[in-house]
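# What the coordinates show
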Amino acid sequence: FKIRNPTKTMVAISPPTQGPSGLKAAQLSAVTNMLALSNIDADDNNKSGGGSTYGQQQQQQQRDANPWKLLIYDTHTRSIISPLLSVSQLRSNGVTLHLLLNSDREPIPDVPAVYFVQPTQENLSIIARDCSRNLYERAHLHFSTRIERPVMEEFARLVVNTGGLSSVASVHDQFVDFVCLENNLFSLNVPQSYCVYNNPGATERDMELAMGNIATGLFSVVATLGCVPVIRCPRGGAPEMVARKLCKLIAEHPTLIRSKDGLHKSHNRPVLVIMDRNMDLITPVQHASTYQALVDDVLDHKANRVEFNVKQDANATAGRGRAPPVVRKKLDIDPDIDPFYSQHKFNPFPEAIESNGAELQEVSAREQQIRSKTGGASAPAAVVSPGGGDSTELATAVESLPVLLDRKKKLEVHTSILQAVMNEVAARDVPQFYELETSLATGSYKNDPSSAKKEVIELAADPSKGNVNDKVRLVIVYALSNGVGNTSDIDEVAQAMKESLETKGSTISADGAAGSAAAAEGGGSHGTLTKEDRILLESGLRAIDYLKKLRSMQMIPTMSSMMQTEVSGGTASSGSDMLSSFMARATNQATGLLAKATDKLGTMLGKTHKHRSTIAVENICEMRPNTEDDDYLYLDPRVRGDVDVAALRNAARAPVREAIAFMIGGGCYGEYQNLQMVANERRSVTYGSTEIVDPSTFLNHLAKLA
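Heads up: these notes are all about the structure in this document. (Residues numbered from 1 in each chain as written. Predicted model: local features only at pLDDT ≥ 70, side-chain atom pairs only at ≥ 80, totals over all residues. Heavy atoms only, no water.)

## Quick look at the overall build of the protein
From N to C terminus, the protein includes 30 helices and 17 strands. Expressed as a percentage of its 706 residues, the buried residues of the protein come to 53%. Residue pairs in contact within the protein that sit at least 24 positions apart in sequence constitute 79% of those at least 6 positions apart. (Helix = DSSP H or I, 4+ residues; strand = E, 2+ residues; numbered from the N terminus. Buried < 20%, exposed > 50% of the residue type's maximum accessible area, 1.4 Å probe, protein only. Contact = heavy atoms within 4.5 Å.)

## Let's talk about the state of the cysteines
Following the criterion strictly, the structure yields zero disulfides and no others. Looking at Cys233, it has no disulfide partner, and the nearest cysteine sulfur is the one in Cys247, 9.7 Å off. (Disulfide = S-S within 2.5 Å.)

## Examining the nonpolar core
Core analysis: the largest hydrophobic core is formed by 82 residues, its most contacted members being Ile274, Leu440 and Ile476. In terms of residues, this core owes the most to one element, helix 10 (residues 204-225), which gives 11 residues. Counting 70 residues, the second largest nonpolar core, distinct from the first, contains Ala293, Leu418, Ala420 and Tyr672. (Core = buried A, V, L, I, M, F, W, Y, C linked by side-chain atoms within 4.5 Å.)

## A short note on the environment of Arg91
As for its placement among the helices and strands, Arg91 is situated in helix 6 (residues 87-92). Taking C-alpha positions, Arg91 is 9.4 Å from Lys69, a pair spaced 22 residues apart along the chain. Apart from residues no more than four positions distant in its own chain, Arg91 is found in contact with Trp68 and Thr96.

## Description of the sheet that holds strand 5 (residues 168-173)
Pairing in this open sheet of five strands is parallel, and the strands run 2-1-3-4-5 from one edge to the other. Lying at the two open borders of the sheet, with one neighbouring strand each, are strand 2 (95-100) and strand 5. The sheet shows a mean angle of 15 degrees between the axes of neighbouring strands, taken without regard to direction. Pairing of strand 1 (residues 69-73) with strand 3 (residues 113-117), which is carried by four bridges, proceeds in the parallel orientation. Each residue of the ladder has a partner; that of Leu71, found in strand 3, is Val114. (Pairing = 2+ DSSP bridges. Axes fitted to C-alpha atoms, helices over the stretch in contact; angles between N-to-C directions.)

## As for the packing of helix 19 (residues 449-460) against helix 20 (residues 468-480)
The N-to-C vectors of helix 19 and helix 20 enclose an angle of 170 degrees; their axes lie 10 Å apart at closest approach. Viewed along their axes, helix 19 and helix 20 adopt a mutual orientation that is roughly antiparallel. For the pair helix 19 and helix 20, contact is made by Ala452, Lys453, Val456, Leu459 and Ala460 and by Lys471, Leu474 and Tyr478, respectively. Partitioning the contact of helix 19 with helix 20 into residue classes produces six nonpolar, no polar and two charged. (Parallel < 35°, antiparallel > 145°, perpendicular 65-115°, else oblique. Nonpolar A, V, L, I, M, F, W, Y, C, P; charged D, E, K, R; others polar.)

## Concerning helix 21 (residues 487-504)
With 18 residues, helix 21 ought to run about 26 Å at 1.5 Å a step, and its terminal C-alpha atoms sit 25 Å apart, in line with that. Taken together, the buried positions of helix 21 are occupied by Asp489, Ile490, Val493, Ala494, Ala496, Met497, Ser500 and Leu501. Angular distribution of buried residues about the axis of helix 21 spans 155 degrees; they occupy a single face of the element. Gly505 occupies a position one or two residues after helix 21 and carries a positive phi of about 75 degrees. (Expected span 1.5 Å × (residues − 1). Arc of directions from axis to C-beta.)

## Topic: helix 7 (residues 121-132)
Helical periodicity: at 3.6 residues per turn, an α-helix aligns residues three or four positions apart in one direction. When the terminal C-alpha atoms of helix 7 are compared, their 17 Å separation across 12 residues agrees well with the 16 Å that a helix rising 1.5 Å per residue should span. By the burial criterion, the buried members of helix 7 are Asn123, Leu124, Ile126, Ile127, Ala128, Asp130 and Cys131. Each element contacted by the buried residues of helix 7 is listed here: strand 3, strand 4 (139-143), helix 8 (149-161) and strand 5. Asn134, located one to two residues past helix 7, shows a positive phi value of around 55 degrees.

## Topic: the pattern of salt bridges
Scanning the model with the defined rule gives 39 salt bridges in all. A salt bridge links Asp332 to Arg305; the shortest N-O distance between them is 2.9 Å. Taken together, the residues Asp332 in strand 12 (residues 326-332) and Arg305 in strand 11 (residues 305-311) connect sequence positions 27 residues apart. As a salt-bridge pair, Glu618 and Arg624 come within 3.5 Å of each other at their nearest N and O atoms. Classification of Glu618 as buried rests on a relative accessible area of 11%. Note on Arg624: relative accessible area 33%, which makes it partly exposed. Bridged by salt links that share partners, the residues Arg232, Asp629, Asp630, Arg649 and Arg653 form one connected network. (Salt bridge = Lys/Arg side-chain N within 4 Å of Asp/Glu carboxyl O.)

## Examining the sheet that holds strand 12
Reading across from one edge, 10-11-12 is the order of the three strands in this open sheet, with antiparallel pairing throughout. Looking at which strands have only one partner, the edges of the open sheet turn out to be strand 10 (300-302) and strand 12. Neighbour to neighbour, the strand axes of the sheet diverge by 20 degrees on average, direction disregarded. Pairing geometry for strand 10 and strand 11, over three bridges, is antiparallel.

## Remarks on unusual backbone geometry
A positive phi is found at Asn304, a non-glycine position, where the angle reads about 65 degrees. With respect to the secondary-structure elements, Asn304 resides in the loop between strand 10 and strand 11. Unusually for a residue other than glycine, Asn626 sits at a positive phi of about 60 degrees. Here Asn626 is to be found in the loop between helix 26 (612-621) and helix 27 (628-631). Overall, Asn626 belongs to the exposed group, its relative accessible area being 73%.

Here it is as structure tokens:
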């Protein structure tokens, strides 16, 4: 059967020559080309001297002519497609049915199938079995990353021996083995990545394999962008291992290394900065202050889907002796397409609340204005007038009504999300944790360690403030902050938290229920802690012990000297007014607590500080001497050996127009948002990591290593 040359399929993963550029656009282009079954025709056209078949016009023509097809994927590649294409968009690309590879599938012999999977032995065996059974008309095989030649040869023998050769139409390496959640955010989707390379029991072979997989994933990012970056990383450890493996992969790839441009001219190449999670362990556990980061912190949020519980109107069950029913809401929000989310995701939470209220009020007023002019009608046909400018203007206004209603619907989605976040923020007193953690991390208590310990103990031992994880996170920030406490101080703080939780419990349990009520249901025997909360406390204490060990061995830096505090726009009174107006509209049982949260949020959300990764990337982009720009390795796949940065000081270097910051060991939305402080009208910053983790998940990873 015909095996397409991987170096030629690189053309298929380059972004279109027109239209929006960026990592997500380039990956989407590769996936839509794959679904269009256009790679074969494209290769043949290029051989015969024809023009590029990957322009937008040609892509649209191919999609229009697409035959109906099936899409077969595994769980990994499903996570790649999910942020790129909705079910309706898959259908517009000719996909009538999409199925998991390892599910029971019925034969559909008159329809072609596109297989998009990882090139694993298990997947290849299933595909060979499908081909031998002639499940589909023909099979177009697309692998998310490179399939090694020995594996390909073994697969070829298997297909021939089982009699499925005639079913295979083509085989392609796509090099799209990463999840692009937003235009400037991607993940390699490596589960428990921090545990993998920090595990003291890991062998050298385990490390080589793990770092090789990360390098292969980053190569997919580079190949999809169609560029050759300059690679910077600290010396030693996981970042250098990954950087050198990636540099070798790029240097040995003929199509990529010979390309003159792509998205970038050769004199204006992006800088890829590879970093280690251990450089900053505060950021993944610290409480957040911005809209998107808070959504990820306090709600169930994964792959751009938000889930939370909503209590139904109590009037619906009045007189029936039942508690109001709880409904689970599931909402998909696309940070690139949703206008409100794309504009306000990085904003302080009170600003997002205020903007949502103002925009919703504006849209509702405009809707009411149109309806009043048409007598409540919602269609242009309701406008009956014998001509004149007024009728034309009115008809135009009515025609805009569907767009207006769609905007209102999206705003109402965010109103429900904002209220769910606010409920959690207020119930757990998140602002107090954020404010104290920020003061600790930025060195405000460096000259007053006794006050730092006193305030941490007071908040961690208060049963009315926060849940178990909130308190553990505060103690971890205290343990990692510089100049505020030694090992005995950390032990004292952790013990005070433990004793308070075991004797007094927590007003707010992990599932958001009142502690005493939840304990009665869970059969709690220690204070008012539920069984789940006791498990979380034990896990949190193990995480604290692990970090104490790293700190004593000086394997991680303390963070105060690594963070810079800045005050952004907005005053305390304006922040308080924002929340007050929202509280007036929100329905919530914890009225008094919300009032306290309102007072606090206004004073603490105007502060921002640059995280460790942001400072490092900024120093490299600005080429500042005596910083990371001098200390980090400089690897260029176009040059043999390491580049001497000191020698470059005497040469003119092109300004950095695009930076890609990559974190090994897990990233978070707080870090992604903070890195945008380096971006400006002349420079974009893309953030990637081995996986995106919320604070609770990262605490579990730390605990496992203990």
